[in-house]
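The lines below spell out each chain.
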Amino acid sequence: MLSCNQPSSPTGTSGGVKAEDALATMQVADGFKIEMIAAEPMITSPVDMEIDEYGRLFVVEMHGYPLDKSGSGNIVMLSDTNGDGIMDKRTLFKEGLLLPTGILRWKKGFVVTDSPNIYYLEDSDDDGKADIMDTLLTGFALTNPQHNLNNPIYGIDNWIYAAHEGTVKSRDYVEEFGDEGTEIYYPAKPDAVRLPKNADGLSVRFRPEQYQLEELASRCQFGHTFDQWGHWFGCNNSNQGYQEIIAERYLKRNPQLPPTDPNHSMSDHLNAPEVFPTTLNPDRQIFTDVGTMTSGSGLTAYLADDFPAPYHNATFIAEPVSNLVHVDVIKDSGLSYAASRVFPNKEFFSSTDAWSRPVNMYVGPDGALYILDYYRRVIESPEWMSEEAIAAGSLYDGIDKGRIYRITPVDGKKADWMKGLKLGDASIDALAKELANTNGWWRINAQRLLVDRADKNAVPALVKMASNPESAMGRLHALWTLQGMNAMQTDLIKNALKDTVAGIRENAIKLAELHLKDNPALGTTLLALQNDKDIKVRFQLLLTLGYVNTASASDARNGLLFRDMENKWFQVAALSAASLNANSLLNLMLAKYRADVPSYGSMVQRLTGIIAATEEEEKVHHLIQKAIVAQTLREQESQTAMLQGLAQGLRYRKNKLSISEAEQRLLVNTFFDSPSDGLRKSALQFLQASKISNDALRISSVARAASIAQNTAVSDTKRADAIDFLSFGNPSDYLTLLQGLLTPQEQPAVKFAALRVLNVIPSTAVSEYLVDLWPGLTKEIRDAAIRVFMHDTARMRILITAMEANKIPANNVSFWTGISLMQIADDKLRERARAVFTKNTEEAKKINKEYQAALELPGDPEKGKAIYMQSCAVCHQVKGENGIAFGPDLATIHNWKREDILANILDPNLSIMAGYDLWEINLNNGESLQGIIAAETSSAITIKNMGNFEKTISRQDIKSLQSLSVSAMPVGLEKNISKEAMADLIAYLRQN
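Criteria and cut-off values
Residues numbered from 1 in each chain as written. Predicted model: local features only at pLDDT ≥ 70, side-chain atom pairs only at ≥ 80, totals over all residues. Heavy atoms only, no water. Axes fitted to C-alpha atoms, helices over the stretch in contact; angles between N-to-C directions. Helix = DSSP H or I, 4+ residues; strand = E, 2+ residues; numbered from the N terminus. Parallel < 35°, antiparallel > 145°, perpendicular 65-115°, else oblique. Left-handed = near helix turned anticlockwise from the far one by under 90°. Contact = heavy atoms within 4.5 Å. Nonpolar A, V, L, I, M, F, W, Y, C, P; charged D, E, K, R; others polar. Disulfide = S-S within 2.5 Å. Buried < 20%, exposed > 50% of the residue type's maximum accessible area, 1.4 Å probe, protein only. Polar contact = N/O pair within 3.5 Å; in protein donor to acceptor, adjacent residues only side chain to side chain. Salt bridge = Lys/Arg side-chain N within 4 Å of Asp/Glu carboxyl O. Pairing = 2+ DSSP bridges.

Peer 1: So what exactly am I meant to see when it comes to the packing of helix H12 (residues 568–575) against helix H14 (residues 598–614) here?
Peer 2: Between two packed helices, what matters for the description is the angle formed by their axes and the separation of those axes. Contact pair H12 / H14: the axes reach a minimum separation of 11 Å and the direction vectors enclose 30 degrees. Regarding the angle of H12 to H14, the classification is roughly parallel. Considering the relative orientation of H12 and H14, their crossing is right-handed. For the pair H12 and H14, the contacting residues are Lys 568, Gln 571, Val 572, Ala 574 and Leu 575 in the first and Ser 599, Ser 602, Met 603, Arg 606, Leu 607 and Ile 610 in the second. Residue composition of the contact of H12 with H14, by class: 6 nonpolar, 3 polar and 2 charged.

See below:
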């Protein structure tokens with residue numbers, strides 16, 4: 001195993017593509033051009049950059065990733081001395097940093113993130129080197145470097161935001177990366193505000209001069225951004241962009257509010273979306289999910305106007321594992337945003353070079369997009385690599401390399417900032433004018449400089465800009481600049497609340513919120529916006545009014561809630577109010593209850609949950625009675641939501657609530673006798689949360705449930721609930737019954753319930769039985785059965801043993817479950833799991849032996865299409881076209897390596913895609929059928945054969961159902977395809 005002080009190649013290698021040849025490997029979107037402004041030896045291992053107000057480029061170099069903690073990190077200043085647009089002078093601004101991850105211009109120096117600290121660095125004598133180094137904040141975790149504190153950003157609200165997420169515990173490098181952090185605090189003022197240990201794994205914001213420090217409601221892996229209105233977006237490995245809808249200050253002001261996910265995933269093309277790399281020879285490790293986003297980082301909103309539409313509302317995110325940068329266009333979708341692909345089947349930027357590792361972006365003062373290419377052979381952490389890959393000694397290949405690219409429209413202007421900006425010397429009037437600049441770099445830096453100077457002589461110019469009819473951005477930044485200078489005027493807020501632009505009104509409400517204590521009359525002024533036509537404005541109003549404890553504010557909050565109650569965020573916002581009276585609001589909800597509007601039910605559920613978790617016992621018991629004993633039709637319709645909410649609330653209740661025997665009996669009777677599926681499930685959930693203390697009642701009820709579970713004349717939903725009820729007894733007593741419910745004749749709902757209860761039996765017998773039963777389990781049931789195996793290490797051992805013997809094919813296990821197995825704490829078991837999941841790779845090498853020549857030939861995609869139509873289209877399509885949809889769609893094959901495509905053509909049984917294995921069905925009448933399972937319902941199974949012949953079979957007619965563990969694709973296809981034709985076919989399948 002490598003030591004953190006013994007990198008395999010600390011001085012880099014001669015591998016990769018030379019800097020002068022790099023641009024030839026790259027593709028950018030039509031209408032754009034790319035140039036390289038810096039490369040090794042001028043820059044190495046870059047992860048973040050900042051262009052300051054004097055046009056100086058500062059770059060963070062993190063050489064130590066993944067294991068070197070010797071202090072090899074740098075901040076360097078780059079300059080273009082001859083005006084050719086390429087950096088040719090390097091000044092070492094600061095060396096000796098641990099694993100620096102981000103930089104932000106602030107005051108006369110820079111804020112730099114370098115866990116466990118956030119530093120302030122300044123060059124006080126103008127020699128190009130930092131001679132002041134203060135620790136602003138400390139206490140952040142120092143664990144896996146992919147997850148450390150990073151990317152400080154100056155927000156429009158004058159706070160500094162830093163991306164951050166929870167600790168990722170190390171298995172192999174505990175000594176080096178086992179620091180899970182402490183309280184977060186200002187060392188210069190330790191008695192000031194402190195955050196909990198490692199900020200609870202959340203991103204943070206801070207204002208050093210005021211010693212202010214807060215958690216965000218969200219966490220972020222590497223790189224975050226704001227849109228022009230100050231909405232925060234974060235990202236992680238597989239999620240290319242999520243929006244924090246509700247800030248932490250709102251979520252924590254009402255202690256009754258249960259834990260709430262504050263984020264909205266913006267992508268309309270799935271999280272972990274398909275990506276379209278152009279890499280010729282990709283280098284993938286065992287934890288790399290092929291063909292999807294797996295290392296999203298450096299999320300950057302484009303806030304300039306130099307790019308054409310639709311890029312004015314775009315976000316860029318790097319995907320270093322796949323050597324590309326993905327772009328989405330951000331569209332307004334009401335309260336939140338939706339992120340849509342700009343390109344359906346290609347990326348904004350990609351490289352054929354497997355060493356090209358874009359990790360971060362930056363929008364410069366020239367409106368160009370700058371891409372930081374970390375440039376390494378390996379980008380994954382050794383924590384998630386095979387021992388063989390680590391032993392190969394390539395962890396630091398490329399440590400002596402790094403590139404920064406500049407992307408502009410083909411007719412874009414040259415980078416004038418390299419000649420030296422003078423924004424830092426601009427007058428206060430000139431800075432005020434820049435607040436209306438169409439480029440966000442100029443706006444935010446002008447604002448920062450004005451706030452830093454705090455010159456009250458700037459107030460008249462800012463007041464004028466705050467009313468500038470020509471620029472909404474100018475008005476917005478002027479308002480926040482005045483706020484940052486402590487020079488805000490109430491009349492300006494009132495005027496902004498009436499602005500014609502919704503984004504200004506929304507921000508004006510936030511500004512009013514900051515002045516409510518000093519000027520309570522603003523609370524009354526805010527009420528005028530309760531009928532605003534913009535949903536974002538109404539939502540912010542609802543949040544802000546949560547600080548106002550007056551009858552009129554309460555009425556306004558209720559009005560806002562009922563108008564937009566179908567939006568779950570409005571429900572959370574209403575419940576977050578500091579002065580919330582949950583009982584009063586619940587009574588109002590029940591009085592207005594509408595069964596035809598689901599949001600009423602969800603709101604009742606939330607409110608009863610709060611009451612059950614926090615209120616005194618008498619009130620909770622009153623609600624239980626009300627939920628069980630309905631008097632009117634409206635009450636009957638709301639019972640389900642009330643019981644569900646009460647059940648959830650009991651789980652959060654600090655002191656246990658005593659449920660009387662009479663209440664327990666009422667709940668049990670409701671479970672067995674109610675004709676409503678929803679009410680029956682709600683009663684079950686409540687009983688599961690509160691338990692049945694009366695043994696006689698419990699025993700007789702379990703026996704009754706067992707009888708219902710076996711009654712095929714009862715609906716499958718009721719039988720499934722009865723099976724779940726068996727967990728109140730000793731599920732082991734019903735082992736034979738539960739196992740008998742996993743037959744092909746049973747409905748999926750019944751089998752899922754049986755697996756849930758089998759899972760709680762403390763034994764491995766369940767897993768051993770599932771191994772024997774595996775060939776007869778359909779895909780849906782297999783996925784649920786895998787969760788039973790993942791219950792504990794003993795069951796995982798049985799699963800791995802079964803996969804080794806091919807009793808359970810490895811491809812029956814999902815990608816993420818496979819990763820969990822490959823990270824088991826047990827060393828021997830972990831290595832066995834890794835061997836199972838890499839077995840296909842080794843088999844592919846053997847299968848490829850005779851056809852190696854096909855892999856060496858370039859191949860012609862056009863000729864390959866003809867081969868495909870002749871040999872493959874009878875069973876397959878590509879993106880829903882060109883063929884018959886019998887086998888899996890081959891759209892994502894373009895992400896596979898050539899040798900993997902070849903191996904699966906030569907041996908279709910090597911890696912059978914889930915759902916496309918061949919099944920044999922024997923019927924009670926003696927007939928036998930074969931095909932793939934195309935669909936399942938509670939009463940029937942549909943099989944499909946080549947030629948798309950389908951047949952639907954009643955479950956009651958099935959005698960046995962068994963997977964043959966072979967692909968429906970015939971073997972020997974290659975006999976009709978020459979090596980040259982095979983190269984053409986592979987070329988066709990790999991093209992985007």
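Peer 1: Mind showing me how you'd approach the state of the cysteines here?
Peer 2: Two cysteines form a disulfide when their sulfur atoms are joined by a covalent bond. For the coordinates displayed, the defined rule picks out 0 disulfides. With no disulfide of its own, Cys 235 lies 4.4 Å from the sulfur of Cys 220, the closest cysteine sulfur. Since its relative accessible area comes to 0%, Cys 235 is described here as buried.

Peer 1: Which parts of the structure should I look at to understand the side chain of His 164?
Peer 2: As for its position among the elements, His 164 is in the loop between strand S12 (160–163) and strand S13 (183–184). Judged by its relative accessible area of 1%, His 164 falls in the buried class. At 3.0 Å, the side chain of His 164 and the side chain of Asn 198 are in polar contact. Discounting chain neighbours no more than four positions away, the residues touching His 164 are Phe 140, Leu 149, Asn 198, Ala 199, Gly 201, Leu 202, Ser 203, Arg 219 and Cys 220.

Peer 1: For this particular structure, what's the right way to read the pattern of salt bridges?
Peer 2: When the charged atoms of two side chains with opposite charge come close together, those side chains can pair. One pass over the structure, following the stated rule, counts 35 salt bridges. With its nearest N and O atoms 2.7 Å apart, the salt bridge here joins Glu 40 to Arg 403. With a gap of 363 residues between them, Glu 40 in the loop between strand S2 (32–39) and strand S3 (46–51) and Arg 403 in strand S28 (residues 403–409) connect regions that are remote in the sequence. Since its relative accessible area comes to 0%, Arg 403 is described here as buried. The closest approach of N and O atoms between Asp 332 and Lys 536, which form a salt bridge, is 2.8 Å. Here the residue Asp 332 occupies a position in strand S23 (residues 324–333), and Lys 536 occupies one in helix H10 (residues 535–545), the gap between them amounting to 204 residues. Using a relative accessible area of 53% as the deciding quantity, one classes Asp 332 as exposed. Taken together, the salt bridges that share partners define one network made up of Asp 677, Arg 680, Lys 681 and Asp 721.

Peer 1: Honestly, the side chain of Asn 323 in this entry has me stumped. Any pointers?
Peer 2: Topologically, Asn 323 is positioned in the loop between strand S22 (314–319) and S23. Asn 323 has contacts with Thr 279, Phe 349, Ser 350, Ser 351, Asp 353, Ala 354, Trp 355, Ser 356, Arg 357 and Pro 358, leaving out every residue within four places of it along the chain.

Peer 1: Got a minute to help me understand the sheet that holds strand S20 (residues 263–265) in this structure?
Peer 2: Within a sheet, each strand pairs with its neighbour through backbone hydrogen bonds, oriented either parallel or antiparallel. Ordered by their spatial adjacency, 4 strands build an open sheet running S17-S18-S19-S20, and the pairing between neighbours is antiparallel. The open sheet has two edge strands with one neighbour each: strand S17 (225–226) and S20. As judged from the 3 bridges shared by strand S19 (residues 242–244) and S20, these two strands associate in the antiparallel manner. Across the sheet, residue Tyr 242 finds its bridge partner in S20, namely Ser 265.

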